[in-house]
Amino acid sequence: RADATVTHELLTEPWLRAHNPTNYARLADGQHRQNVRASGCTYEAMVEVMRADYAHTARPFFFSKELSCYFDSSAFDDAALRDFDHVFLVRDPHATLASFYRVGVKGAATLTTSYYDDREAGFVESLALYRRVRRAGARTLVLDADDELMRDPELTLRRFCTFARVPFDARMLAWERAAPPEWSKFRGWHDDVAMSTRFDATLGGARSKVTVPAAVFAAADALTPVYKALHWRAERAEGGAPA
């Protein structure tokens, strides 16, 4: 969209720098090896960037992809949460953590910025954030990456567009192979997407030779009830009939 301001993980670097120096060091080391400048902005500064009024730039529609594990509740009051419509993109923990492990192992082998740490899986944080934004009175939508987006991309994107109050465009379903400049800070995390031209569930994992250890699936087992609880709450909030 020509009238959209799109940002990518504004909150990741400042959150890691403040709360997880070990993983921040991994990220910063990868950026240094790739000659990519790290962000020196504070978390609060990034929140202000997200809440800025971009209407004067003829881009009144703002979209930011963020990770729930890097959400700092103290930096957002209820009014700030109501500034946004919140879309939660979720996926079965077994598929999520297997993919997380595969990308992390690949990153460790190629000196990129990726790593594996199941404490950053984000499921517990997503459920807590969902509860918080609902209490604040903000609008929410939960979409499943596999069961909805990959199974029927057009229908899912139409749901997203209706929720976000923007017109659906069929050009959303296909794109040219490319890696946007914003991804250079997080080298290794987006390789499969950069090589894609459409929504394709076979990318990456199906061709991977990485053996996922049992501990990864054990962590996924523990997170499955949280994943199901988020689905249940979303279905109930949207007037459905939870299983």
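Structure shown above.
Residues numbered from 1 in each chain as written. Predicted model: local features only at pLDDT ≥ 70, side-chain atom pairs only at ≥ 80, totals over all residues. Heavy atoms only, no water.

(A) Here's a closer look at the overall build of the chain. A tally of helices and strands in the chain yields 10 helices and four strands. For the chain, the sequential pattern of α-helices and β-strands runs β-α-α-α-β-α-β-α-α-β-α-α-α-α. Computed over the C-alpha atoms, the radius of gyration of the chain is 18 Å, within 12% of the 18 Å expected from 2.2 N^0.38 for a compact globule of 243 residues. C-alpha atoms of the chain, sized along the principal axes, occupy 45 × 45 × 40 Å. For the chain, the residues scored as buried account for 40% of the 243 residues in total. Put simply, of all contacts in the chain between residues at least 6 apart along the chain, 74% involve residues at least 24 apart. As presented, the chain carries roughly 13,700 Å² of accessible surface, and 55% of it is formed by carbon and sulfur atoms. (Helix = DSSP H or I, 4+ residues; strand = E, 2+ residues; numbered from the N terminus. Rg over C-alpha atoms; globule rule 2.2 N^0.38 Å. Buried < 20%, exposed > 50% of the residue type's maximum accessible area, 1.4 Å probe, protein only. Contact = heavy atoms within 4.5 Å. Areas by Shrake-Rupley, 256 points an atom, 1.4 Å probe, with all protein chains shown as cover.)

(B) A look at helix 6 (residues 123-136). The terminal C-alpha atoms of helix 6 lie 20 Å apart, and with 14 residues this matches the ideal 20 Å at 1.5 Å per residue to within 8%. For helix 6, the set of buried residues is Phe123, Ser126, Leu127, Leu129, Tyr130, Arg132, Val133 and Ala136. Gly137 sits one or two positions beyond helix 6 and adopts a positive phi of about 90°. (Expected span 1.5 Å × (residues − 1).)

(C) Representation of the state of the cysteines in the model. Considering all chains together, one arrives at zero disulfides under this definition. Not engaged in a disulfide, the cysteine Cys41 finds its nearest cysteine sulfur in Cys69; these two sulfurs lie 19 Å apart. For Cys41, a relative accessible area of 33% corresponds to the partly exposed category. (Disulfide = S-S within 2.5 Å.)

(D) Main features of the nonpolar core. Among the nonpolar cores identified, the biggest contains 41 residues, and Leu11, Leu16, Phe76, Leu97, Phe123 and Val142 are the most heavily contacted of them. The set of elements that each furnish at least two residues to this core consists of helix 1 (12-19), helix 2 (21-33), helix 3 (43-51), helix 4 (78-82), strand 3 (86-90), helix 5 (93-110), helix 6 and helix 10 (214-237). Here this core takes eight residues from helix 10, the largest share from any one element. Once you skip the residues sitting within four places of it in the chain, Phe76 turns out to touch Leu11, Tyr43, Val47, Phe71, Leu81, Phe84 and Arg132. (Core = buried A, V, L, I, M, F, W, Y, C linked by side-chain atoms within 4.5 Å.)

(E) Spatial organisation of the side chain of Ser114. Looking at where Ser114 falls in the secondary structure, it is placed in the loop between helix 5 and helix 6. Among the polar contacts made by the side chain of Ser114, one reaches the main-chain carbonyl oxygen of Val103 at a distance of 3.1 Å. (Polar contact = N/O pair within 3.5 Å; in protein donor to acceptor, adjacent residues only side chain to side chain.)

(F) Layout of the environment of Arg119. Positionally, Arg119 belongs in the loop between helix 5 and helix 6. The exposed category is assigned to Arg119, whose relative accessible area is 61%. Residues Arg119 and Ala219, spaced 100 residues apart in sequence, show a C-alpha to C-alpha distance of 9.4 Å. Only 2.7 Å separates the side chain of Arg119 from the side chain of Asp117, close enough to count as a polar contact.

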